[in-house]
There are 2 protein chains.
Amino acid sequence: MRVSQFFISTLKEAPSEAELPSHQLMMRAGYIKKLASGLYTWMPLGLRVLRKVENVVREEMDRSGGVELLMPAVQPAELWQETGRWEVFGPQMLKIRDRHDHQFCFGPTHEEVITDIARREIRSYRQLPINFYQIQTKFRDEVRPRFGVMRAREFVMKDAYSFHADFASLEQTYRVMYDTYTRIFTRLGLQFRAVAADTGAIGGSGSHEFHVLADSGEDALAFCPDSDYAANVELAEAVAPSTPRAPATQEMQKVITPGQKTIEEVAAFFDTSAQSVLKAIAVITHEGEFVLLLLRGDHQLNEIKASKVLGEFRFASDDDIHRNMNCRSGYIGPVNAKIRVLADRAAAAMSDFICGANEDGFHYSGVNFGRDVHLDEANVHDLRNVVEGDASPDGKGSLELCRGIEVGHIFQLRTKYSESLQATYLDENGKTQVMEMGCYGIGVSRIVAAAIEQNFDERGITLPAGMAPFQVAIAPIGIKKSEAVRNAAEQLYAELTKAGIEVLLDDRDERPGVMFADLELIGIPHRIVIGDRGLKEGNVEYQGRRDPAAQAVPLQDVAKLVQSKL
Amino acid sequence: MRVSQFFISTLKEAPSEAELPSHQLMMRAGYIKKLASGLYTWMPLGLRVLRKVENVVREEMDRSGGVELLMPAVQPAELWQETGRWEVFGPQMLKIRDRHDHQFCFGPTHEEVITDIARREIRSYRQLPINFYQIQTKFRDEVRPRFGVMRAREFVMKDAYSFHADFASLEQTYRVMYDTYTRIFTRLGLQFRAVAADTGAIGGSGSHEFHVLADSGEDALAFCPDSDYAANVELAEAVAPSTPRAPATQEMQKVITPGQKTIEEVAAFFDTSAQSVLKAIAVITHEGEFVLLLLRGDHQLNEIKASKVLGEFRFASDDDIHRNMNCRSGYIGPVNAKIRVLADRAAAAMSDFICGANEDGFHYSGVNFGRDVHLDEANVHDLRNVVEGDASPDGKGSLELCRGIEVGHIFQLRTKYSESLQATYLDENGKTQVMEMGCYGIGVSRIVAAAIEQNFDERGITLPAGMAPFQVAIAPIGIKKSEAVRNAAEQLYAELTKAGIEVLLDDRDERPGVMFADLELIGIPHRIVIGDRGLKEGNVEYQGRRDPAAQAVPLQDVAKLVQSKL
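Source: prediction; values computed, not measured.

The rules behind each value
Residues numbered from 1 in each chain as written. Chains lettered and ligands numbered in written order. Predicted model: local features only at pLDDT ≥ 70, side-chain atom pairs only at ≥ 80, totals over all residues. Heavy atoms only, no water. Buried < 20%, exposed > 50% of the residue type's maximum accessible area, 1.4 Å probe, protein only. Helix = DSSP H or I, 4+ residues; strand = E, 2+ residues; numbered from the N terminus. Pairing = 2+ DSSP bridges. Contact = heavy atoms within 4.5 Å. Axes fitted to C-alpha atoms, helices over the stretch in contact; angles between N-to-C directions. Parallel < 35°, antiparallel > 145°, perpendicular 65-115°, else oblique. Least-squares fit on C-alpha atoms with pLDDT ≥ 70 in both. 1 Å grid on protein atoms, 1.4 Å probe; cavity = no way out; pocket = protein on both sides within 12 Å on 5 of 7 lines; lining within 4 Å. Points joined across faces, edges and corners; volume = space filled by probe spheres on them. Nonpolar A, V, L, I, M, F, W, Y, C, P; charged D, E, K, R; others polar.

(A) Region of the structure containing the pairing of strand E29 (residues 526-530) of chain A. All names here are of chain A. E29 sits mainly inside the fold: five of its five residues count as buried. Burial along E29 is two-sided: the face carrying His526, Ile528 and Ile530 and the face carrying Arg527 and Val529 are both buried. Across five bridges, the pairing between strand E27 (residues 472-476) and E29 is parallel. Among the inter-strand pairings, isoleucine 474 is bridged to a residue of E29, identified as isoleucine 528. The pairing of E29 with strand E30 (residues 539-544) spans four bridges and is antiparallel. Bridging across to E30, histidine 526 finds its partner in glycine 544.

Shown next, in the form of structure tokens:
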């Protein structure tokens, strides 16, 4: 492609709203252009990258037996009402009324539509298993779209849905998809990690997320460097301390602590660490019960874990706390509290600790479970986020933390949708059975942003050749003035193009500085500079996007050199 | 592809709502599946065909210098309000409110969005011309979606928009796009015709439609077999009769014609033909003026032509007619009418004609312009549809009519959008200029249906190999029972696949009748049947989809035979 026949439009400065490197660089490089909040045009350069990701996803899905189709983006409300999700999905779903006042949505996902197809098309076990997929534009009306295409409202997704005669078949396809995702992200050259995404309701292997590792990631991940264990911090188990609770050595004392309300203030006041202070969090359950949750002072509540024990809950307001405990929130604690108390495993292992005295301006020190606070074993749960150094749940070492960007999610749906939509088939014995189902998503457009979070430097984007918009750039200096330069550039362009390489010939006749800055910003992995000076000695300059400096290469060898690097 | 790993689901009967052959066959062959009115899933077989069309369109657009991008489907109302089309577009536009109550639409077209991009990205004449295109899902909320994907609400469109420094540049790109469209439809093996779509407001070459010729087409086209002339009947000029009006030979007479109201009734009553009866049509203009339009009895009013003369108008009701003419609609005419009268050119050339007497139950015969009815030359216009045999407007013969399905439309927009959105650039002299603009659409999903209208027989779809879902089918008889059949089928499958041919191996072990019916219905152009009987003599059976019978071919030659046919 010649730049003169293409469209390159770079910016010196990213708009101020762009916080992440990927967002800033995609805007500056002219990969994307904002139309409205969460709505982006994929400009010619960006679209080339998006299509490369799309093609890798498609090739690997095809290779693993996926069958591509294309469902409508606009979906009728009736199907969502059948599964009960029309209301459940909430305002993230973009609802639409057509000219006849019928209700539709811009599909945020396609479980309902594909299950409707399956129930009408699949009659016999002989048609199973089948794994349908599509690559399609979806819409989720995010409260706060941000980070460019990372969390856009309109986005491109690969969604696959598999149907099975039994759970064993679902498990098999699930494993195949796990391996397929691993292949996809490996081919794309991404550093990624598959993590368990749910160890609760569905079972140990029920769901995995695939995260591209990046400091800017919205998700915290826990993993064990000495084993396979990896999970989203939302779900990573904080195991019970390996040593039993130490026996009491102090007497309980009531201490005047005026103005000392936070864990840090109290720890400093008592000249100790947060680990010796008990954190009490008051919540109200869906049924209206006031409950105290106890954590070690240096630990954070994991709301997902708490809601698995309590069901839906909310944090108590100051009023709620005053009404129930007759004191302010900084002074609440479990001593003599006539309410339900749940303790995290680490909190339950504390002894001689400090906690609020349920009286404004007072704490207790030297508190011990058993002697001063009754704590039933049944009220001890995993309620906190794991922290760096926690024991790995598989017993094979200790956990480390990192941050990730979720780019894939695979899920054993079992019969959640096939039951509500009555997607059944006849088995070998002519008996009607409900299909088992899996679903497998990849955020195709998000991958582009996530990949750039892993591939950039101070000069711009450094995507690998498999994802970059072009593989090679030819930058002729003075193409309009020098016939030698022009001829060499055209010849090389023809030669590389003929070899099936995606070459960008910068024929704009810009100054070298402008050309180089553009080519580095937009992220072309290999650059060949052709100038009169070098040509006199039969040389051009080659530089890889990540190389510290250019090297002189004989003109007749440079095509071979570049090909060897691709 | 093996059928066992693919998804084929055919129907014996098409749903009764499917009227057109293409709609019936696409449903029966399992190319598409209806989700709701005007919303279709492209099933695996159909999607393969859609993608082939898409690829041809993309390749030819790229070849002619188009630059692909991808704009959002969802568009903010503000842009449409800037051009005034938010209201004008009407209920065909699917309007949406997001969670913040901001207004959007599901883009029915993208002039506003691309012009917004152009005004922000293009600053200099050096960036012009540029021709952006995208292949994307669009939505038009049709009053009556019908004919399957032919007139669906959600559909796939290729839309291109070019920007230019001057009209000459626009004209040049317009010609390139005309040629590109011709190449696309030719490559797809379609019988098509490019017709002038507007000879009015914009100028002779301002707009062309590309129609796939089919009896079921919604558009009537006029063309001259002896020249290049072709136009949509909506716009084809009906030239004035070559012979002048004959002199009067009869006296005007008032005749009692009770109950004779239609042209046919009146002609029969006077024992003459419709050509001798004047048709008078009463309309009301936007300003409320009552106007009579005169046509020869055998001609039809062309409303688009009439509105070019009158502006917006509606047909007068019985009440309107009674109030203005004091008689019923069957008896109105121009004699002594104290209202504005416009005559079609052919009507103006009539003499000794019959018309209503503006009195219930009476007509005049022997009426003549000039003597009995004043007719100003300024009130004579082209108001009718052309009919077979009319003189071609280019003077090179006479017109024939055919029907077509519009699959492409190219248009010189000039500055319609660039002016209202202020898309300007700096010219060589640093002066601000408004860009010239063209737009070029192709109904990608509609092409699939239109192609099937031209390629089917009583057994199913007969698409050419360039569009068919697979190029070759291998149909082994008794694949599970006979090792010889299985081996031959697998070997041939491997050989053809290796040669880059898209082969479908029917490994379902179905009865031959079922296999053949499916393969014919879904439209595989080349079929190789492998059975024990033939193999004994080293033969298989080859049959082209349009061949009357199969021929025995030595197994070792069949791959070469098929390749020679592709």
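(B) Seen up close, the environment of Phe369(B). Residues and elements named next belong to chain B. Looking at the element boundaries, phenylalanine 369 is found in the loop between strand E19 (362-367) and strand E20 (380-381). The class for phenylalanine 369 is buried, based on a relative accessible area of 6%. In this view, phenylalanine 369 contacts Arg245, Leu294, Ala347, Ala348, Met350, Phe353 and Leu375; residues no more than four positions away in its chain are not counted.

(C) Highlighting the packing of helix H1 (residues 21-28) of chain B against helix H12 (residues 444-454) of chain B. Residues and elements named next belong to chain B. Packing of H1 against H12 brings their axes to within 8 Å, and their N-to-C directions diverge by 105 degrees. Taken together, the axis directions place H1 and H12 in an arrangement best described as roughly perpendicular. For the pair H1 and H12, the contacting residues are Pro21, Ser22, Leu25 and Met26 in the first and Val448, Ala449, Ile452 and Glu453 in the second.

(D) View of the relation of the copies chain B and chain A. Mapping chain B onto chain A calls for a screw motion: a turn of 180 degrees about the axis and a shift of 0.1 Å along it, with 0.2 Å RMSD after fitting. Expressed as a symmetry operation, the mapping of one chain copy onto the other fits a two-fold axis. Of the C-alpha atoms belonging to chain B, the one lying closest to the rotation axis is found on Ile96(B), 2.8 Å away. By residue overlap, the copies meet face to face through one surface: 100% of the interface positions of chain B are interface positions in chain A.

(E) Summary view of empty space enclosed by the protein. One pass over the structure, following the stated rule, counts four cavities of 30 Å³ or more. Here the largest cavity defines a volume of roughly 120 Å³. If you go around the largest cavity, the residues you meet are Phe7(A), Ile8(A), Ser9(A), Leu11(A), Met27(A), Gly30(A), Ile32(A), Lys33(A), Met43(A), Pro44(A), Leu45(A) and Glu121(B). Only strand E1 (32-36) and helix H2 (44-63) of chain A provide two or more residues apiece to the lining of the largest cavity. For the lining of the largest cavity, the class distribution of residues is eight nonpolar, two polar and two charged.

(F) Just the sheet that holds strand E29 (residues 526-530) of chain B, in detail. Residues and elements named next belong to chain B. Pairing is mixed across the open sheet formed by five strands, whose spatial order is E28-E27-E29-E30-E31. Bordering the open sheet on either side are strand E28 (503-505) and strand E31 (551-554), each of which pairs with just one other strand. Pairwise comparison of adjacent strand axes, ignoring direction, gives a mean angle of 30 degrees for this sheet. Across the sheet, helix H13 (residues 483-498) lies against strand E27 (472-476), E28 and E29, angled at about 170 degrees from E27, the strand it touches most. Seen against the sheet, helix H14 (residues 512-522) touches E27, E28 and E29 and runs at an angle of roughly 175 degrees to E27.

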